[in-house]
Structure formats: C-alpha cells, structure tokens
Amino acid sequence: MRSVLTGSFVVLLIAGISGCDDSISSPSGGTSDTPTQNDLMQGQQIGNAVSGNQTFGNANGGSGFGSPQDTIQFGAASFTADSFAKIDTDGDPSEQGYDQTWNAQTSGQIDGQPVNSANYAYVVMSQGQMAASGAQIGDWALVTNNETGQSMWARVEDVGPPGGTGEISEACATGVGIQFQRNSNTVGNPSVTVQVYSGSKSISGGSN
Amino acid sequence: MKISLISVMTAALIPNFAWSENTLEPKQLPAPDGSYTLDISDEVRVVNSGGSASLTLASNLEGVQHVDAKWSPDSRRVVVVISYTRGSGVEAAYLDGSGWHKALLSDTDLPTDELARQAGVSGRLVSQSCGLGDWLDSRRISVTGELILSGQKKVPYGYTLVFTGEPGHLDRGGFEEGVIKGIEYHVR
C-alpha cells in the first residue's frame, strides 16, 4: 500500500514537473501527504499555547489529536510511568540543529509523514513497554504534570530506547504547562505521569 | 535541456522519497528441521508446516524498520529482534510439551547506566539498537548492540541471551517475562 502511494506520489511529481514546461506552476495540493487545513489550524493552536497565551484545563486536548471521544471503553491503564519529563522534538523540522537528540522521523506517521512534535501531543514508549502492555502506535495516553495537575490526551507515536519513560512531544509538554528550551532541555525538573490505554487507537479524537 | 532537467530532478526526488518506503521486507525463516517457519510480514508468527499460525509474536509492525531472527539449532526456540528508528526489543518463542509460548526480554534487563559508566561516557540515552550473533548452544545466543547517548556518544555492547528454563510471569501483552534473560553484559 505504502509502495503504491509512494509510487503514485513520485508519478504525480514527475507529471507535475513535466507539466511545468518553462513556467513554474503552483502546487495544487490534494495528495495524501499534504497536511490538511485542520492540521494547520491545530498547529496554530499549539503556536498560541507555546506563546503562553493559552491555558489547558484537566485532560484537555488542544493539540492535533484532540481528546478521545469515548473514554468509557478504556478501562484501566495498561501502562503507567511516573518520571522526569523529557522532550522529544522528533518530527519537528524546525528543531534540526538545535536539539542534539533530534530525529527527522517518528515511528508513527500521519498521512505518510512523521508526526510533528510541535503540532501533535504524543508520548514515546519502548518496544518492550509496548509489547508488555499490549500497546500499539496510535493508542491514547493521558499525560499529567505532577506538579500542577494539568493533564492532556496524547497518542503513542514514537518508539524509543529500552527503559525510557516520561518522553513527550513539545506540544504535549506545552499542553501540560511544562516549559523547555530550544535544545529540548526542560526548565527545571518537571515530572509527569503517563498512562497508556492499549487497544484505544481506533477511538477517534475530537475537540472538547 | 528540459528533458535533462526533468530527468535530473526525478533522479534526485526518487531517492529522497525512498525513506518513506517501509523497508520491512516480508520473509519466511524455516526452522533447521523444517517443522515450523517464522513468518515475517504484517505480523511476526510461528507457523506450522501446514501454514497455520501456532503463535503470533507481534501483531502490528507499524513503524518497525527491521526484524532480525534466528532459530536455535534444535528448532525449539526462535529469537526475534524488532527494531524501530530509536530502539529495539528482544522477543522469543519457545516450544515445550504444552505448545508454543512467547517471551519478552524486560527493559530493566539492559544495564544502560552501568554500560555507559564502563565506557566512560554520560548523557541522555537517545537511541539503542541490537542484533543477533551466533547461537552458543540451543539455549544461548550472543547479542551485540549499541547505545547512543546525547552528543552522539556511542557505547557498543554485547551480552548473552539465555533461556533460563525458569517459569516467568505473564504480562498484559501475553508475554512471559523472566524466561529469557541477558547475562554477561559488557562494553565491546
């Protein structure tokens, strides 16, 4: 499937380039890899949050994934970790060169693209944690700032090294009131509790 | 001129998009005696000679970059390393009188801090990878790996993965933990 999409995309690009002739045409968009207007709007919401103009209440969404529409099916968390917060900037192209731990890719993808840490609230799990808890990429997680009690919903979208806990995206950190520097170091030593709900990935998200 | 430009741009674009290709190639690894096969496709499964699944080790390989697997010489165990961009995990399947079981190497097994200390480096663990070496016998296989700490500080390490023969505890994912264990961790 991915091969077909990639192949199609390349064909479309070639066709687009061929059709340019000597002029430069405007991209028409509409491919599966193009961010939707909704994504851009949600990204802007996070931009507002980063600027400090927006506050989040308990268990808010507010990032690209929003909040799960039905948490009744969740049951007890299948994985819980309480640890110092670490910021994962992966998937955020603006962090290249600033964060020594930066990666262009995330294990999860949205429309064939890495999940942008600045736009989407996500958490990182290890392969062992996922296997042991039955969690998968895309499952919902509740992240709580242990100092302030602020919490927000996120999804599991990246896989990190064994034993890693408390690693969250920029959008998630902002959403729970954790400040960080451009190099991804947190301000102070904030701690978070991450609760992951296995089998929840199919539950869609929406605004509060 | 125009055609040349298109050719050059196309040639440049295709490799750039290659990263989005899922590099995971479906493959089948038969046990030495041929009685079972490890099937790696959308899932990782042990299938019998009739093609029926006897055990599913991993049911979702989204984001997985590479799967490394080796059967034991006696065909009763298979060890699988599932690798993502920044981390990998070790799982195993083994056959006993009651059938196939799946086991997981616990995250707590890897002595990250001790290995970093031995290597004389410190920092935040950014990524980890590992691969399978040779079977020492039908219960022990060598594993090599690498830790990368912040600042691109690398710690190559190795250990021996052992099937302990001890009963493990079942986790929520259906894996037995404690059945496989790493010993003799060292910096390479």
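Residues numbered from 1 in each chain as written. Chains lettered and ligands numbered in written order. Predicted model: local features only at pLDDT ≥ 70, side-chain atom pairs only at ≥ 80, totals over all residues.

Participant: When you look at the overall build of chain B in this model, what are you seeing that I'm missing?
Facilitator: A count of helical and extended segments in chain B gives two helices and 14 strands. Taking all contacts inside chain B whose residues are at least 6 apart in sequence as the whole, residues at least 24 apart take part in 46%. (Helix = DSSP H or I, 4+ residues; strand = E, 2+ residues; numbered from the N terminus. Contact = placed C-beta atoms within 7 Å.)

Participant: Teacher, can you tell me more about the overall build of chain A here?
Facilitator: Along chain A, the regular secondary structure elements total four helices and 11 strands. For chain A, the residues scored as buried account for 47% of the 208 residues in total. Here the analysis covers contacts within chain A between residues at least 6 apart in sequence; of these, 78% occur between residues at least 24 apart. (Buried ≥ 20, exposed ≤ 12 C-beta atoms within 10 Å, placed from the backbone.)

Participant: Even after reading the chapter, I still don't get the sheet that holds strand E2 (residues 36-40) of chain B, so can you show me in this structure?
Facilitator: Neighbouring strands of a sheet are bound in pairs by backbone hydrogen bonds; such pairs are parallel or else antiparallel. Residues and elements named next belong to chain B. Reading across from one edge, E1-E2-E3-E4 is the order of the four strands in this open sheet, with antiparallel pairing throughout. Each of the sheet's edge strands pairs with one partner strand only, and the pair in question is strand E1 (27-30) and strand E4 (53-58). With strand direction ignored, the average angle separating the axes of adjacent strands in the sheet is 20°. Note: E2 against strand E3 (residues 44-48), five bridges, orientation antiparallel. Its bridge partner lying in E3, Asp39 is registered against Arg45. (Pairing = 2+ DSSP bridges. Axes fitted to C-alpha atoms, helices over the stretch in contact; angles between N-to-C directions.)

Participant: Before we go on, may I ask you to explain the confidence of the model for chain A in this structure?
Facilitator: Any segment with low pLDDT has predicted coordinates that should not be analysed in fine detail. On average, residues of chain A score 77 in pLDDT, and 69% of them are at 70 or above. Taken as a whole, residues 1-58 of chain A scores under 50 in pLDDT and shows 56 contacts with residues more than four places along the chain or in a different chain. (pLDDT = per-residue confidence, 0-100.)

Participant: I tried to follow the sheet that holds strand E7 (residues 88-96) of chain B on my own but got confused; where do I start?
Facilitator: Strand order in the open sheet made by the six strands is E5-E6-E7-E8-E13-E12 (chain B), with mixed pairing throughout. In this open sheet, the two edge strands, each paired with only one partner strand, are strand E5 (66-71) and strand E12 (169-170) of chain B.

Participant: Hey, could you run me through the nonpolar core in this one?
Facilitator: Nonpolar side chains tend toward joint burial in soluble globular proteins. Counting residues in each nonpolar core, the largest one holds 79 residues, and the members touching the most others are Val123(A), Val143(A), Ala154(A) and Cys172(A). Once you skip the residues sitting within four places of it in the chain, Val123(A) turns out to touch Ala141(A), Val143(A), Ala154(A), Val156(A), Glu167(A), Ile168(A), Cys172(A) and Val194(A). (Core = buried A, V, L, I, M, F, W, Y, C linked by C-beta atoms within 7 Å.)

Participant: Would you explain the pairing of E3(B) in this entry?
Facilitator: Remark: a regular strand shows side chains that alternate across the two faces of the sheet. Residue and element names in this part refer to chain B. Hairpin connection from E2 to E3: three residues lie between these consecutive antiparallel strands. Pairing analysis gives four bridges linking E3 to E4, with the strands arranged antiparallel. Paired with Val46 across the two strands is Leu55, which belongs to E4. Linking E3 back to E4 in an antiparallel pair, the connection comprises four residues, with Gly51 at a positive phi of about 90°.

Participant: Which parts of the structure should I look at to understand unusual backbone geometry?
Facilitator: Most of the time, phi is negative for any residue but glycine, and the peptide bond is trans. Its identity as a non-glycine residue notwithstanding, Asp111(A) has a phi of 50°, on the positive side. Relative to the helices and strands, Asp111(A) resides in the loop between strand E4 (109-110) and strand E5 (113-114). Assessed through the 12 C-beta atoms surrounding it within 10 Å, Asp111(A) is described here as exposed. Despite not being glycine, Gln152(B) has its phi angle at roughly 60°, a positive value. As for its placement among the helices and strands, Gln152(B) is situated in the loop between strand E10 (140-149) and strand E11 (153-163).

Participant: Looking at this structure, I do not really get the confidence of the model for chain B. What am I missing?
Facilitator: Per-residue pLDDT for chain B has a mean of 89; in total, 88% of the residues score no lower than 70. For this predicted complex, the interface score ipTM comes out at 0.87, while the overall pTM is 0.79.

Participant: In this structure, what is going on with the pairing of strand E8 (residues 151-160) of chain A? I would like to understand it.
Facilitator: Residue and element names in this part refer to chain A. Burial runs high along E8: 10 of the 10 residues are buried. The pairing of strand E6 (residues 122-126) with E8 spans five bridges and is parallel. Paired with Met125 across the two strands is Val159, which belongs to E8. One ladder, built from five bridges, connects strand E7 (residues 140-145) with E8; its direction is antiparallel. Each residue of the ladder has a partner; that of Ala141, found in E8, is Ala154.

Participant: Looking at this model, I keep getting lost on the environment of Asp42(B). Mind explaining?
Facilitator: Residues and elements named next belong to chain B. Within the element layout of this structure, Asp42 appears in the loop between E2 and E3. For Asp42, a count of 13 C-beta atoms within 10 Å translates into the label partly exposed. For the pair Asp42 and Gly133, spaced 91 residues apart in the sequence, the C-alpha separation amounts to 25 Å.

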